[in-house]
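Coordinates in review
Listed here are the chains, written in short residue letters.
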Amino acid sequence: MKKYAIIMLTVLGLASCSDKKFHVEGEITEAKDSVLYLENVGISEINAVDSAKLEADGSFKFSGEATEAPEFYRLRIADQIINIAIDSTETINVKASYPKMATEYEISGSENCQKIKELAKKQMELQRKAILISSDEGLTVDESNDSILGLIRQYKQDVKSQYIFPDPSKSYAYFALFQTLGNMLLFNPRTDKDDIKAFAAVATSWDTYYPNAERGANLHNIAIEGMKNIRINEAKQAQSIDASKVQTTGLIDIALADNKGKVRHLTELVGKVVLLDFHVFSTNESPARILMLRELYNKYHNAGLEIYQVSLDPDEHFWKQQTAALPWINVRENAGINSTTLRIYNVQAVPEFFLIDRGNNLVGRSQTIKDLEQAIKNLL
């Protein structure tokens, strides 16, 4: 799973029963000498619980103290992950073969884990279809986005009707709420009324069956916050764009504080060619992308290129550390992936970039620009 900007599940602070254990065991073949980790997946962090160096037969056995409410874990070798849910003292058996363990595994001993496997495969299929659409050069940007949004709407409807609403107390219902497409949460409980209903249904069930669970309390708070946001937005107007931010050029302004605390307006860069870049520094791909941007900036800044980079990192201190030595404009969106800015610019995944000419006109985005450097040179 991706982060909730980005890790979705919260660690329980419940007292465990020392005489009650859960067990996760099985075989992962074709992985001799690889280290298999059992990790507890949390809302803000992922913690290693145990690990084992696999022998030729791939057998492993893990155990841990049971909690009073369902808990979420994952089995991991490198970037191959199997998500599991543990309910009390059950024994989960997993059989897989590396390096395809994330997609081709057998699991038994838990209905919740079976359903989580189904959800994971559905999510992968959704991602596959979305990639095919976004790479179809016969579609315009609007057509591509509309098609992907249609896929997401259908996916959410299927998941709600098959996995969430039939029994919202189940672990797999909780798991479904935090699925992602790229870095985007499929269910947005901050602005979508129907998604809030799904969160509220699971929160109510967890309040009933697991009244002391921190996960339930977290869901409850998310649903309440979403309801409050909806009421505020409806009271102001059913508009996501402030008309005062739309310039005569049609460019929608972004006004965010940079890493030195100064508010920087995107539209103030009129007269320059601007690369508007949406970025998450905590991803594995970030260093390579920053190197690419540095090269472009060093080559063309004196000729009139500026970079306006919007970070979606949840940790402000980390973001400031990462951007301290960067020469271009770095701002941060406090709301992360739930920001209005992303909705306005229809950003479905990051990294994403837009190119703006000297007159403050939006001339293209990643899907329509084949050679970024050449496109910048053409505008300078």
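Residues numbered from 1 in each chain as written. Predicted model: local features only at pLDDT ≥ 70, side-chain atom pairs only at ≥ 80, totals over all residues. Heavy atoms only, no water.

1. Here's the deal with the pattern of salt bridges
We count it as follows: We define a salt bridge as a contact between a side-chain nitrogen of Lys or Arg and a carboxyl oxygen of Asp or Glu at a distance within 4 Å. Here a helix means four or more residues in a row that DSSP labels H or I, a strand means two or more in a row labelled E, and each is numbered from the N terminus. We call a residue buried when its accessible area falls under 20% of the maximum for its residue type, exposed when it is over 50%, and partly exposed in between, using a 1.4 Å probe and counting protein chains only.
Counted by the stated rule, this structure contains 15 salt bridges. Between Arg289 and Asp277 there is a salt bridge, and its shortest N-O distance comes to 2.4 Å. Separated by 12 residues along the polypeptide, Arg289 in helix α6 (residues 286–300) and Asp277 in strand β13 (residues 273–279) bring together distant segments of the chain. On the basis of relative accessible area, Arg289 is assigned to the buried category, the value being 15%. Take Asp277: its relative accessible area is 0%, and that puts it in the buried class. Two residues, Glu352 and Arg365, come together in a salt bridge whose shortest N-O distance is 2.9 Å. Linking Glu352 in strand β16 (residues 352–356) with Arg365 in strand β17 (residues 362–365), this pair joins segments that are 13 residues apart in sequence. Taken as a pair, Glu352 and Arg365 share a single burial class, namely buried. Taken together, the salt bridges that share partners define one network made up of Glu39, Arg74 and Arg76.

2. A short note on unusual backbone geometry
Looking along the chain, the bond that leaves Tyr98 and enters Pro99 is cis, with omega of 10°. Looking at where Pro99 falls in the secondary structure, it is placed in the loop between β7 (91–97) and β8 (105–108). Residues Val350 and Pro351 are joined by a peptide bond in cis, for which omega reads 5°. Looking at the element boundaries, Pro351 is found in the loop between α8 (340–344) and β16. For Glu30, which is not a glycine, the phi torsion comes out positive at approximately 60°. Note on placement: Glu30 falls in the loop between β1 (21–29) and β2 (35–41). By relative accessible area, Glu30 is classed as exposed at 61%. One non-glycine residue, Asp33, adopts positive backbone phi at about 75°. With respect to the element layout, Asp33 can be found in the loop between β1 and β2. According to the relative accessible area criterion, Asp33 is partly exposed, its value standing at 43%.

3. Brief notes about helix α2 (residues 141–164)
How we decide: Every helix has an expected span of 1.5 Å times one less than the residues it contains. Contacts are assigned to residue pairs with any non-hydrogen atoms lying within 4.5 Å of each other.
Between its first and last C-alpha atoms α2 spans 32 Å; for 24 residues at 1.5 Å apiece the expected length is 34 Å, and the two agree. Listing the buried residues of α2 in full gives Val141, Ser144, Asn145, Ile148, Ile152, Tyr155, Lys156, Val159, Lys160, Tyr163 and Ile164. Next to the buried residues of α2 lie α1 (111–134), α3 (171–177), β9 (180–181), β10 (184–185), α4 (193–209) and β17.

4. Some points on the sheet that holds strand β4 (residues 59–65)
Definition in use: In this scheme, strands are said to pair when DSSP sees at least two bridges between them. Working convention: axes come from line fits to C-alpha atoms, limited for helices to the stretch in contact. Angles between N-to-C directions cover 0 to 180 degrees.
Taking strand neighbours across the sheet as the criterion, the four strands line up as β4-β1-β7-β8 in an open arrangement whose pairing is mixed. Bordering the open sheet on either side are β4 and β8, each of which pairs with just one other strand. Strand-to-strand twist of the sheet, defined as the mean angle between neighbouring strand axes without regard to direction, takes the value 15°. Relative to β4, β1 is paired through seven bridges, and the arrangement is antiparallel. For Phe22, the partnering residue across the bridge sits in β4 and is Gly64. On top of the sheet, α1 reaches β7 and β8; it is set at about 155° to β8, its chief contact.

5. Details of the sheet that holds strand β15 (residues 329–332)
Taking strand neighbours across the sheet as the criterion, the five strands line up as β15-β14-β13-β16-β17 in an open arrangement whose pairing is mixed. With one partner strand each, in any of the chains shown, β15 and β17 form the two edges of the open sheet. With direction set aside, neighbouring strand axes in the sheet form an average angle of 20°. In this sheet, β17 lies alongside β16 in antiparallel orientation, the contact comprising three bridges. What sits directly across from Ile356, in β17, is Leu362. Against the sheet, helix α9 (residues 372–379) contacts β13, β14 (305–311), β16 and β17, and its axis sits at roughly 20° relative to β16.

6. Remarks on the packing of α6 against α9
Going by this rule: For classification purposes, angles smaller than 35 degrees are called roughly parallel, those larger than 145 roughly antiparallel, those between 65 and 115 roughly perpendicular, and all remaining angles oblique. Definitions for this section: a left-handed crossing has its near helix turned counterclockwise from the far helix by less than a right angle. A right-handed crossing has that turn clockwise.
Relative to each other, α6 and α9 sit at 25°, their axes nearing to 12 Å. In terms of orientation, α6 lies roughly parallel with respect to α9. The two elements α6 and α9 cross, and the hand of that crossing is right-handed. Contact residues: α6 offers Leu296, Lys299 and Tyr300, while α9 offers Leu372, Glu373, Ile376 and Lys377.

7. Let's talk about the environment of Gly64
Summarising the element assignment, Gly64 is placed in strand β4. The contacts of Gly64, once residues within four sequence positions are left out, are Lys20, Lys21 and Phe22.

8. Looking at the packing of aromatic side chains
Filter applied, for reference: Stacked, edge-to-face and tilted are the three classes for Phe, Tyr and Trp ring pairs, Trp counted by its six-membered ring, which pair at centre distances within 6.5 Å; planes under 30 degrees apart are stacked, over 60 edge-to-face, the rest tilted.
Under the counting rule described, the total for this entry stands at 10 aromatic pairs. Judged by centre distance (5.3 Å) and plane angle (45°), the rings of Tyr174 and Phe178 are tilted. Judged by its relative accessible area of 0%, Tyr174 falls in the buried class. Owing to a relative accessible area of 1%, Phe178 belongs among the buried residues under this scheme.

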